Amino acid sequence: MKAKWDGKKKAVILTTVMTAVVLALRIVLMPMMQEAHTGRFRLSYIVIAVMLLTLIAAALLIRRSEKQPVVMAGPPLTAAACAGVLCGAVMAFGSLYEFFMWQFKGILPAPAMTKPGSLQYAVLTVSLAGGVLGGIFLVLLGLQWLQENRSRSGVFRLMALAPSLWIWFRLARYEMTYASAVNVTESFYDFVMLIFILLFLFSFARYVSGVGETPSKLLFWYALGTAMMAISAPLTRFGMYLLGNTAAYNSSELAGFIDLAVGLFALLFAYAQAFGKQAASVPADPPILAAAEEPPAAQTENLHE
């Protein structure tokens, strides 16, 4: 059994290290990528190459892993469950904050629109509603994992789609803005981040709900990609804020604290998949119910008595 997990263990450790490397590279190289005549930021092919090579290496490491996702248990699951609760809380309260800023102060969440129409407002409404419901789902799921000390499928089948709804309509809103066509180089990293978050949350919804077959390698690889993108992007923006580089800070406005929370959850979920105990060591029913059930032989003896 240990040999089967070697690839996933190496992949998640590699991704953790390379996420820190990507973060350092982006903070150092981003101020150098600003064009003097336009003020816009160019792409760093060094950063792109490091990200791409990391994802390729992770895919090669997990190519012989389990075909189906693991039902997790043990301390790694506890860490993932706590991260899920935190991620859900940040997602729900962050979406509510954006809603109140929109309704009471007229400030729309990024990306900004000069003259949004009714369709844009509808897309934003659905995205924020999905964020609130998705946050509640992640909190409930994390609490269930903590209570049962294991993960299992076939739960929250409808609510599991809420995080995917949040990110899908958020991506659709981005495609409606000028930023998707004009500022391609500035929003490239954030766009890739949104794509990986969408892939991970959709596959995670299938894993939780138990609808269809979710290949373990794809779910695990999406989690690694999401972790690297969604952790490095918001922290890079925060680093630009600390350095006082306003132009660089504003150029990555799509990356926020919710994305960082999703990235941390994806990383710890990947660790739980790689290092968590198999569910075979965890009873399928709670101990109280198992103890309450009396074997048929014992029931027969009681009748004879």
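In this text, all values refer to a predicted model and were calculated from it rather than measured experimentally.

### Some remarks on the overall build of the protein
- A count of helices and strands for the protein gives 11 helices and two strands.
- The order of α-helices and β-strands along the protein, N terminus first, is α-α-β-α-α-α-α-α-α-α-β-α-α.
- Here the protein displays about 15,400 Å² of accessible surface, and carbon together with sulfur accounts for 68% of that area.

### Quick look at helix α3 (residues 75-105)
- Under the 1.5 Å per step criterion, the end-to-end length of α3 is 44 Å for 31 residues, consistent within 8% with the ideal 45 Å.
- Of the residues flanking the end of α3, it is glycine 106, one or two places downstream, whose phi is positive at about 70 degrees.

### Looking at the packing of aromatic side chains
- On inspection of all chains with the given rule, the structure shows 22 aromatic pairs.
- Note on phenylalanine 204 and phenylalanine 265: the rings are 5.4 Å apart at their centroids and 90 degrees apart in plane angle, and the pair reads as edge-to-face. Placement of the pair is phenylalanine 204 in helix α6 (residues 184-209) and phenylalanine 265 in helix α9 (residues 257-275), with a sequence separation of 61 residues.
- Taking the relative accessible area as the measure of exposure, phenylalanine 265 reaches 2% and is therefore buried.
- Between tyrosine 207 and phenylalanine 269, the aromatic rings sit 5.6 Å apart at their centres with planes inclined by 70 degrees, giving edge-to-face as the arrangement.

### Re the nonpolar core
- One finds Trp145, Phe200, Phe204 and Phe269 to be the most contacted residues of the largest nonpolar core, which totals 66 residues.
- Only α1 (2-29), α2 (45-61), α3, α4 (118-148), α5 (162-176), α6, α7 (216-242) and α9 provide two or more residues apiece to this core.
- Take this core: its biggest share by element is 13 residues, from α6.
- Formed by five residues, the second largest nonpolar core is a distinct cluster that contains Met30, Met33, Phe41 and Met240.

### A closer look at the layout of surface pockets
- When its volume is computed, the largest pocket comes out at roughly 890 Å³.
- Lining the largest pocket are 31 residues; nearest its centre among them are Glu98, Arg237, Glu253, Gly256 and Phe257.
- Looking at the lining of the largest pocket, the elements that each hand over two or more residues are α3, α4, α5, α7, α8 (246-251) and α9.

### Observations concerning empty space enclosed by the protein
- Tallying each qualifying case throughout the model produces one cavity of 30 Å³ or more.
- For the largest cavity, the lining is made up of 15 residues, of which Arg26, Met30, Met33, Arg42 and Tyr189 are closest to its centre.
- At the level of secondary structure, the elements contributing two or more residues to the lining of the largest cavity comprise α1 and α6.
- With four residues, the top contributor of residues to the lining of the largest cavity is α6.
- For the lining of the largest cavity, a count of residues per class yields seven nonpolar, four polar and four charged.

### Regarding the environment of leucine 198
- Here leucine 198 lies in helix α6.
- As for leucine 198 and leucine 165, which are separated by 33 residues in sequence, their C-alpha atoms are 8.9 Å apart.
- Excluding residues within four positions of it along the chain, leucine 198 makes contact with Ser164, Ile167, Trp168 and Leu171.

### Section: the packing of α3 against α9
- Interaxial distance between α3 and α9 falls to 8 Å at its minimum, and their mutual angle equals 160 degrees. The orientation of α3 with respect to α9, classified from their angle, is roughly antiparallel. The two elements α3 and α9 meet at a crossing, and its hand is left-handed. Contact with α3, carried on its side by Pro76, Leu77, Ala79, Ala80, Ala83, Gly84, Cys87, Val90, Met91, Gly94 and Ser95, involves Phe257, Ile258, Ala261, Val262, Phe265, Leu268, Phe269, Tyr271, Ala272 and Phe275 of α9 and no other residues of that element.
- Split into classes, the residues belonging to the contact of α3 with α9 amount to 18 nonpolar, three polar and no charged.

Reading the values: rules and limits
Residues numbered from 1 in each chain as written. Predicted model: local features only at pLDDT ≥ 70, side-chain atom pairs only at ≥ 80, totals over all residues. Heavy atoms only, no water. Helix = DSSP H or I, 4+ residues; strand = E, 2+ residues; numbered from the N terminus. Areas by Shrake-Rupley, 256 points an atom, 1.4 Å probe, with all protein chains shown as cover. Expected span 1.5 Å × (residues − 1). Phe/Tyr/Trp six-rings, centres within 6.5 Å; stacked < 30°, edge-to-face > 60°. Buried < 20%, exposed > 50% of the residue type's maximum accessible area, 1.4 Å probe, protein only. Core = buried A, V, L, I, M, F, W, Y, C linked by side-chain atoms within 4.5 Å. 1 Å grid on protein atoms, 1.4 Å probe; cavity = no way out; pocket = protein on both sides within 12 Å on 5 of 7 lines; lining within 4 Å. Points joined across faces, edges and corners; volume = space filled by probe spheres on them. Nonpolar A, V, L, I, M, F, W, Y, C, P; charged D, E, K, R; others polar. Contact = heavy atoms within 4.5 Å. Axes fitted to C-alpha atoms, helices over the stretch in contact; angles between N-to-C directions. Parallel < 35°, antiparallel > 145°, perpendicular 65-115°, else oblique. Left-handed = near helix turned anticlockwise from the far one by under 90°.

It is worth stressing that arrangement in space is one thing and function is another; only the former is reported here.
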